[in-house]
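# Commentary on secondary and tertiary structure
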Amino acid sequence: AQSVGKIGRCIAFEANEQNYTKILKTIEINQCANLSVEHIAISDKIGKTTFLHHQNSLMGHLAEVGDQLQGTDLEYVETTTIDDYVNQKGLKDIAFIKLDIEGAELSAINGAEETINQYKPILMIEVHTFPEVVMNAKPLVEKLLQWNYRVMHLGSGIEVDPRSFAGGHTLAEP
């Protein structure tokens, strides 16, 4: 939040209620007036979905077809798209989007197409390898390349080849 300065805004989205509450407390303790958090999951659809908790609160994720739901700690969460959120809130000049959403990166990007193509923000994405690489990592990079983004491994700066990309921390610039 400090990086955006006094006139910028930082908006966090957190599907996990426990993490959402922690972020709210952190915002209050640190008096971050330009930071807000929404208890909602980012997706390619507006609606509701199931969030699967993990013993590590940072690793929960949205339920997918084939997930074993019985006996699992579940939470039902609202979903929205980045495009819908940006339009509903009348946000402008989107400069940066960071995604670390445990396997839902491709659906989040699909729900942000209008925003990304209009504002050309820098994207920092932790691309997870579950579900299968072919269902997430490769199509995500291919989509960003189609949108004329340069996609690099965050640590090395080496450009990502979608044919061999299996996930990791990426930086994408228009």
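Bringing the overall build of the protein chain into the picture now. Each helix and strand in the protein chain was counted, giving five helices and 10 strands. With an accessible surface of roughly 10,200 Å², the protein chain has 51% of that area assigned to carbon and sulfur atoms.

Buried within helix α5 (residues 137-146) we find Ala137, Leu140, Val141 and Leu144. Projected onto a plane normal to the axis of α5, the buried residues spread over an arc of 95° and lie on a single side. Turning to α5, the residues buried within the fold contact α3 (105-110), β8 (122-127), β9 (150-153) and β10 (168-173). A positive backbone phi angle near 65° is found at Asn148, which sits one or two residues after α5.

Following the sequence through the fold, Tyr149 ends up in the loop between α5 and β9. In the structure, Tyr149 is positioned 26 residues away from Leu123 in sequence and 9.2 Å away in space, judged by C-alpha atoms. The residues contacting Tyr149, other than those within four sequence positions of it, are Ile116, Lys120, Pro121, Leu123, Leu144, Ala172, Glu173 and Pro174.

Another point: the environment of Asn34. Relative to the helices and strands, Asn34 resides in the loop between α1 (17-30) and β2 (35-38). Taking relative accessible area as the criterion, Asn34 reaches 16% and is therefore assigned buried. Along the primary structure Asn34 and Arg9 are separated by 25 residues, whereas in three dimensions their C-alpha atoms are 4.9 Å apart.

Taken in spatial order, the four strands of this open sheet run β7-β8-β10-β9, and their pairing is mixed. In the strand order of this sheet, the two ends are held by β7 (96-99) and β9, each with one partner. Strand-to-strand twist of the sheet, defined as the mean angle between neighbouring strand axes without regard to direction, takes the value 15°. The pairing of β9 with β10 spans four bridges and is antiparallel. Paired with Arg150 across the strands is Glu173, a residue of β10.

In terms of nonpolar packing, the biggest core is built from 27 residues, with Ile109, Ile116, Leu123, Ile125 and Leu144 touching the most fellow members. Counting only elements with at least two residues in this core, the list comes to α2 (82-89), β7, α3, α4 (113-119), β8 and α5. In terms of residue count, α5 provides more of this core than any other element does, four residues in total. Excluding residues that lie within four positions of it along the chain, Leu144 makes contacts with Ile109, Leu123, Ile125, Tyr149, Val151 and Ala172.

Let us look at the pairing of β2. Only one face of β2 is covered, namely the one carrying Leu35 and Val37; the face carrying Ser36 and Glu38 has none of its residues buried. In terms of strand pairing, strand β1 (residues 10-13) meets β2 through four bridges, oriented parallel. Each bridged residue has a counterpart across the sheet, and for Cys10 the counterpart in β2 is Leu35. The parallel pair β1 and β2, bridged by α1, forms a crossover whose chirality is right-handed.

Bringing the side chain of Glu105 into the picture now. You can see Glu105 is positioned in helix α3. Lacking a salt bridge, the buried Glu105 has Lys98 as its closest oppositely charged neighbour, with an N-O distance of 9.9 Å.

About the cut-offs
Residues numbered from 1 in each chain as written. Predicted model: local features only at pLDDT ≥ 70, side-chain atom pairs only at ≥ 80, totals over all residues. Heavy atoms only, no water. Helix = DSSP H or I, 4+ residues; strand = E, 2+ residues; numbered from the N terminus. Areas by Shrake-Rupley, 256 points an atom, 1.4 Å probe, with all protein chains shown as cover. Buried < 20%, exposed > 50% of the residue type's maximum accessible area, 1.4 Å probe, protein only. Arc of directions from axis to C-beta. Contact = heavy atoms within 4.5 Å. Pairing = 2+ DSSP bridges. Axes fitted to C-alpha atoms, helices over the stretch in contact; angles between N-to-C directions. Core = buried A, V, L, I, M, F, W, Y, C linked by side-chain atoms within 4.5 Å. Right-handed = clockwise from strand over helix to strand, strands pointing away. Lys, Arg positive; Asp, Glu negative; His and termini not counted. Salt bridge = Lys/Arg side-chain N within 4 Å of Asp/Glu carboxyl O.

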